[in-house]
Amino acid sequence: MNAPVTALEASLLDRSADFPILSQAVRGKRLAYLDNGATTQKPSVVIDALTEFYEHSNANIHRGVHWLSQHATDRYEEGREQVRRLLNAPKAKDIIFTRGTTESINLVAQTWGLQLKAGDEILVTDMEHHSNIVPWQLLCERTGAVLRHAKVLDDGELDVADFRSQLNEHTRLVGLAHVSNALGTVNPVADLVRMAHAAGALVLVDGAQAVAHAKVDVQALDCDFYAFSGHKIYGPTGIGALYVRSAILADLPPWQGGGDMIRTVSFEHSTWASGPQRFEAGTANIAGAVVLGVAIDYVLGVGLDRIAAHEAVLLNEATERMQALPGVRIIGTAPHKAGILSFLVDDIHPHDLGTILDTEGVAIRAGHHCAMPLMTRFGIPGTARASFALYNDSRDVDALVAGVQKAQKLFGVSR
Ligand code: PMP
């Protein structure tokens, strides 16, 4: 993901034309939207596709005999094919639509996970988002399995030696962030998968912060599950996906029961649909899946290599300029990072910093980033976090740096 720092395209695109929300002034200032780790803004093609779907294609899917239903089904399945393309999954049938990363991980915990027994172990890392911790805790409470966690080094890298030492014959599953939302660390997923598989464990990768920022190839990673959210890749909220290795998916028990996930139903015995439909009970987020496909097509059209290179340049620029400010401490300085910059400024509370930056039109996130164990590991209550996307440019970095300097002045800590 740290693409070589070559010529920065000042902006990858005409941001105001592609992203209408970005041309709106906030608090009288140009909006510097640097909260992309939380959610990304949507390009016009995505916004328009939602209207277009409801104007021309809306119907319920999979069970209609009429033209519109078949058309909507085709478009929904085209969305699945776009997700397959994004992840380079072998087959579209390996992709289950969910509400997002959180639901994807809960789905695995509540289907595959139910076979666990007392003494089995799940290994996560200290840099996981709560959504890759709590579902496993709930599963451990139900099954008697044990949740273990691998350490993070002072610079925010995973302690690979500790990770390896915690794998053993009891480890059944490893849950791992591809990119840390709080630190930006990119984990060496393929290597970690190899280690986990050698110990006999499956691997679930939380790709929430990865898919919009670099090419992901689940076959090259060789992971067993890969989860992500549509809203973090320029798509709508309420839709996401889970890739499951096909041999595992074939044996997964159903999750929620209802329409669309069955083959036959009687009061004595019901049988289940095969493939991803078994996990898509009820009327799905049809428009969401269609429009997610449009968002993916947009991202692949811009090119993930270009996006990665662009964001790497911005991250470097922001890191260098922030580091040059006395009193700024960057949390997460791993050699391999994606476009996330977490920092503290003197003893200014991150929330105060976020509020002052907001008055300058700079949108950042402040707090524990749903990674409380990681904050505990660093002995801090939270951080301020700037996170980049393809539409950010140097003016956003200028606004961030100027906003931090203003905060230092207001708090009387400027030097
Ligand atoms: N994992 C990571 C690494 C994340 O950054 C997030 C969102 N902040 C999630 C999981 C949860 O994603 P969602 O809320 O879209 O389910």
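Before going into details, it helps to say that this report is about the structure given with it. (Residues numbered from 1 in each chain as written. Predicted model: local features only at pLDDT ≥ 70, side-chain atom pairs only at ≥ 80, totals over all residues. Heavy atoms only, no water.)

## A few points about the pattern of salt bridges
- Under the counting rule described, the total for this entry stands at 24 salt bridges.
- In this structure, Arg 395 engages Asp 393 in a salt bridge whose closest nitrogen and oxygen atoms are separated by 2.8 Å.
- Overall, the relative accessible area of 45% leaves Arg 395 in the partly exposed class.
- One continuous salt-bridge network, built from bridges that share partners, spans Arg 30, Asp 393, Arg 395 and Asp 396. (Salt bridge = Lys/Arg side-chain N within 4 Å of Asp/Glu carboxyl O. Buried < 20%, exposed > 50% of the residue type's maximum accessible area, 1.4 Å probe, protein only.)

## Notes on the sheet that holds strand E6 (residues 202-206)
- Pairing in this open sheet of seven strands is mixed, and the strands run E2-E8-E7-E6-E5-E3-E4 from one edge to the other. Only two strands of the sheet have a single neighbouring strand rather than two, namely strand E2 (95-98) and strand E4 (146-150). Averaged over all adjacent pairs, the angle separating strand axes in this sheet is 20 degrees, with direction ignored.
- Pairing between strand E7 (residues 225-229) and strand E8 (residues 240-244): five bridges, direction antiparallel. Residue pairing in the sheet places Ser 229 in a bridge with Gly 240 of E8. (Pairing = 2+ DSSP bridges. Helix = DSSP H or I, 4+ residues; strand = E, 2+ residues; numbered from the N terminus. Axes fitted to C-alpha atoms, helices over the stretch in contact; angles between N-to-C directions.)

## A look at the site of the ligand
- With respect to spatial proximity, the complete set of residues near the ligand consists of Thr 101, Thr 102, His 129, Ser 131, Asn 181, Asp 206, Ala 208, Gln 209, Ser 229, His 231 and Lys 232.
- Asp 206 is positioned such that a nitrogen or oxygen atom in its side chain is 2.5 Å from a nitrogen atom of the ligand.
- For the ligand, an oxygen atom lies 2.7 Å from a polar atom in the side chain of Gln 209.
- For the ligand, the protein covers 84% of the area, taking 400 Å² as the surface of the free molecule.
- Residues belonging to the shell around the ligand are distributed by class as follows: one nonpolar, eight polar and two charged. (Near = heavy atom within 4 Å. Polar contact = N/O pair within 3.5 Å; in protein donor to acceptor, adjacent residues only side chain to side chain. Areas by Shrake-Rupley, 256 points an atom, 1.4 Å probe, with all protein chains shown as cover. Nonpolar A, V, L, I, M, F, W, Y, C, P; charged D, E, K, R; others polar.)

## Notes on the packing of aromatic side chains
- Here the structure, examined in full by the defined rule, presents seven aromatic pairs.
- Taking the centre distance of 4.6 Å and the plane angle of 65 degrees together, the rings of Phe 19 and Tyr 391 count as edge-to-face. Within this pair, whereas Phe 19 is found in the loop between helix H1 (15-18) and strand E1 (32-33), its partner Tyr 391 is found in the loop between strand E15 (383-387) and helix H14 (394-410), the two being separated by 372 residues in sequence.
- The class for Tyr 391 is buried, based on a relative accessible area of 0%.
- Each ring, one from Tyr 76 and one from Phe 97, has its centre 5.1 Å from the other, and the planes form 55 degrees; the classification is tilted. A residue pair is termed long-range when its members are at least 10 positions apart, and Tyr 76 in helix H3 (residues 67-87) and Phe 97 in strand E2 qualify at 21 residues.
- The exposure class assigned to Tyr 76 is buried, which follows from its relative accessible area of 1%.
- According to the relative accessible area criterion, Phe 97 is buried, its value standing at 7%.
- Grouped by ring-pair contacts, the aromatic residues Phe 19, Tyr 234, Tyr 298 and Tyr 391 constitute a single cluster.
- For the cation-ring pair, Arg 377 lies above Phe 378, with the distance from its terminal atom to the ring centre recorded as 4.6 Å. (Phe/Tyr/Trp six-rings, centres within 6.5 Å; stacked < 30°, edge-to-face > 60°. Lys NZ or Arg CZ within 6 Å of the ring centre and 35° of its normal.)

## Section: the environment of Leu 249
- Relative to the assigned elements, Leu 249 resides in helix H9 (residues 246-251).
- For Leu 249, a relative accessible area of 4% puts it in the buried group.
- Separated by 151 residues in sequence, Leu 249 and Thr 98 have C-alpha atoms that sit 15 Å apart.
- Setting aside its immediate chain neighbours within four residues, Leu 249 contacts Lys 93, Asp 94, Ile 96, Val 244, Gly 275, Pro 276, Arg 278 and Phe 279. (Contact = heavy atoms within 4.5 Å.)

## Overview of unusual backbone geometry
- We note that Arg 27 has phi near 50 degrees; this positive angle belongs to a residue other than glycine.
- Mapped onto the secondary structure, Arg 27 falls in the loop between H1 and E1.
- One non-glycine residue, Cys 370, lies in the positive phi region at around 55 degrees.
- Mapped onto the fold, Cys 370 is located in the loop between strand E14 (365-367) and helix H13 (372-378).

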